[in-house]
Amino acid sequence: MDTILQYKKGIKIKIISWNVNGLNSIQKKKALKWIDLEDIDIICLQETKLSIINFDHSKLFKKEFLNINNNISSKKGFSGTLVYSNIQPHSINFCHNVDIEEDGRIIKYKFKNLILFNIYFPNGKLNKQRLEYKLNFYKTFLKYCMKLRENGYPIIICGDFNTAHTDLDLKSGKIYSDAGFTVFERQLFTDFLEAGFIDTFRYSNGNIKNAYTLFPYRSKAREKNEGWRIDYILITEDLKEKLKSSFILDNILGSDHLPIGIEIDLDEYI
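Residues numbered from 1 in each chain as written. Predicted model: local features only at pLDDT ≥ 70, side-chain atom pairs only at ≥ 80, totals over all residues. Heavy atoms only, no water.

On to the sheet that holds strand 7 (residues 115-120), then. Read across the open sheet, the 6 strands follow the order 5-6-7-8-10-9; overall the sheet is mixed. Of all strands in the sheet, those with a lone pairing partner are strand 5 (91-93) and strand 9 (197-199), marking the two edges. Strand-to-strand, the axes of this sheet are offset by a mean angle of 20°, without reference to chain direction. When strand 6 (residues 106-110) meets strand 7, the two strands line up antiparallel, connected through 5 bridges. Directly across from Ile107, in strand 7, lies its bridge partner Asn118. Lying on the sheet, helix 3 (residues 128-150) is in contact with strand 6, strand 7, strand 8 (155-160), strand 9 and strand 10 (231-236); it crosses strand 7 at an angle near 175°. In the packing of helix 4 (residues 183-194) onto the sheet, contacts are made with strand 8, strand 9 and strand 10, and the angle to strand 9 comes to roughly 115°. (Pairing = 2+ DSSP bridges. Helix = DSSP H or I, 4+ residues; strand = E, 2+ residues; numbered from the N terminus. Axes fitted to C-alpha atoms, helices over the stretch in contact; angles between N-to-C directions. Contact = heavy atoms within 4.5 Å.)

Okay, here's the thing in structure tokens:
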């Protein structure tokens, strides 16, 4: 099949990323039915918490995708990532060199001249040991990305980074814990930007305030818009002229996170 012709050659494609906080829970809420109404080319889901590879995706939506990849954790009902794609990758990798605990945290799609990552970074709030693991995960993943850059690959990273980068990215005065906002975590996110990655939302929308993607299940945080922006789509600088838009879908319910997305022209790369 000529996937490039199937996929709107010469027209921007849409990529959606969403931490669903449990795909079985999402399915019971019928919270992915909106996918059938949207023209989406790639969907990256995080924190799926699936324990089986052969999940019945037809329960989620009717839309069909050419390629589905489900990376489950070695720990039952924990972590996990999943990708639906209407663009066939040349290869797929779960990157156990980075995800050393095999928590299903990464799906890497290699296209003709492009790398796409779906990633769920560890949460470091449990204890000092988990924070150290999270920091090392950041460092190892960035090193891996830079090796790919040395080989000339543009990169798109979609996922839950579990870090609010700047003061703009969380509601002032609503920090219940500094986990996810320590100076160490923020600096490691900055390291990606200094290495040539672009935060697509800020690039497209500037320093707008009150733009959040996570609303903790407490004190009606979503209704009050008291949240964090910890979900991002990063692209390398060589893709910035191809970026058409970057957005948060703040009308979608079902998870404590909101879906995010970009529209981008990738014809010459896929």
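Having put the structure on the table, let's press on.
Core analysis: the largest hydrophobic core is formed by 31 residues, its most contacted members being Ile156 and Leu266. Listed by contribution, the elements that provide at least two residues to this core are strand 1 (13-19), strand 2 (42-46), strand 6, strand 8, strand 10, strand 11 (243-248) and strand 12 (260-264). Among the elements that line this core, the one with the most residues is strand 12, at 3 residues. Counting 27 residues, the second-largest nonpolar core is a separate cluster that includes Leu135, Leu142, Cys145 and Leu234. (Core = buried A, V, L, I, M, F, W, Y, C linked by side-chain atoms within 4.5 Å. Buried < 20%, exposed > 50% of the residue type's maximum accessible area, 1.4 Å probe, protein only.)

With that settled, consider the side chain of His57. Here His57 is to be found in the loop between strand 2 and strand 3 (67-71). With a relative accessible area of 15%, His57 lands in the buried category. In this view, His57 contacts Ile68, Leu82 and Tyr84; residues no more than four positions away in its chain are not counted.

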